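Given next are the chains, with one letter for each unit.
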Amino acid sequence: MNYEVENLQNHSPKFELLLIPISTPLLIGVYQDGELIETLSSDRKTSEILLPLLKECMDRYALSNIIYTRGPGSYMAIKLTYIMLKTIEITKGIRCLGCSAFALNGGAPIKAVGSLYFTKEKETIITKKIEQPAIVDFTLPQSIHDLPLDEESEPEYMIPAV
């Protein structure tokens with residue numbers, strides 16, 4: 001048998017999820033070999049919809065990794081997502097990875113509380129009062145090949161002083 005043909009026959013697709021649970025709508029991208037093939041979204045609360053959506057994806061795809069925005073953003077959504085993903089990692093062997101939320105919104109300010117927003121200045125994340133922020137939505141990239149992943153998967157809790 002030709003090596004190229006044999007190699008193609010043995011190649012099984014690699015499926016990964018990218019979760020953005022820290023804003024509305026909650027977004028999930030399904031990636032095959034690093035390329036976006038499906039998008040799921042919901043305006044429901046993360047606590048209500050994330051687990052059913054994850055189960056649906058796990059039933060349909062042989063997932064190798066789940067990447068999530070580990071911060072900054074909604075403290076409750078980050079904590080809840082991390083707990084679910086670590087449970088899946090332990091029980092199903094699907095690796096949990098993290099990335100910065102700033103990588104998925106063009107580096108725009110991210111809502112903290114009241115008129116406080118998380119901003120990134122060089123490599124430091126701070127909270128800043130912004131009265132009229134530009135509204136920038138989170139987006140799923142067409143490819144995750146160049147998505148900068150964090151060495152840590154643990155949440156990056158950035159709780160502002162109130």
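Just so it is clear, the model here is predicted, and its values are computed rather than measured.

Participant: Which parts of the structure should I look at to understand the side chain of Asn105?
Facilitator: Position of Asn105 among the secondary structure elements: in the loop between strand S5 (95–100) and strand S6 (110–113). With relative accessibility at 4%, the residue Asn105 sits in the buried group. Of note is the side chain of Asn105, whose polar atom sits 3.0 Å from the backbone nitrogen of Gly107. For Asn105, the side chain forms a polar contact with the main-chain oxygen of Ala108, separated by 3.0 Å. Those residues within four positions of Asn105 in sequence are excluded, and the remaining contacts are Ile110, Val136, Asp137 and Phe138.

Participant: What exactly am I supposed to notice about helix H2 (residues 46–60) here?
Facilitator: One full turn of an α-helix is made of 3.6 residues, so residues set three or four places apart face in the same direction. Helix length check: H2 (15 residues) gives 21 Å between terminal C-alpha atoms against 21 Å at 1.5 Å per residue, within 8%. Residues of H2 that are buried sit in contact with strand S1 (15–20), strand S2 (26–32), strand S3 (35–42), strand S4 (63–71) and helix H3 (75–92).

Participant: Explanation requested: unusual backbone geometry in the structure shown.
Facilitator: Phi is mostly negative for residues that are not glycine, and the peptide bonds are mostly trans. Following Thr24, the chain continues into Pro25 via a peptide bond in cis, with omega recorded as 5°. With respect to the helices and strands, the residue Pro25 is situated in the loop between S1 and S2. Of note, the amide linkage connecting Gly71 to Pro72 takes the cis form, showing an omega dihedral of -10°. Tracing the backbone shows Pro72 in the loop between S4 and H3. At Asp33, a residue that is not glycine, the phi angle is positive and equals roughly 50°. Assignment of secondary structure puts Asp33 in the loop between S2 and S3. The backbone of Lys122 sits at a positive phi, close to 60°, despite the residue not being glycine. Within the secondary structure, Lys122 sits in the loop between strand S7 (116–121) and strand S8 (124–129). Owing to a relative accessible area of 79%, Lys122 belongs among the exposed residues under this scheme.

Criteria and thresholds
- Throughout this description, residue numbers start from 1 for each chain and increase along the sequence as written.
- Totals for whole chains, interfaces and linings use all residues, but because this is a predicted model, local features are given only for residues with pLDDT of at least 70 and pairs of side-chain atoms are given and counted only at 80 or more.
- Side-chain descriptors were evaluated using all non-hydrogen atoms of the structure, hydrogens and water having been removed beforehand.
- Secondary structure elements are defined from DSSP: runs of H or I of at least 4 residues count as helices, runs of E of at least 2 residues count as strands, and each element is numbered from the N terminus.
- Working definition: with a 1.4 Å probe on protein chains only, accessible area under 20% of the residue-type maximum means buried, over 50% means exposed, and in between means partly exposed.
- What qualifies as a polar contact is a pair of N or O atoms within 3.5 Å, subject to a donor-acceptor requirement within protein and to the restriction that residues adjacent in sequence count only when both atoms come from side chains.
- Only heavy atoms matter for contacts: two residues are in contact if any of them lie within 4.5 Å across the pair.
- In this analysis, the expected span of each helix is defined as 1.5 Å times one less than the number of residues it contains.

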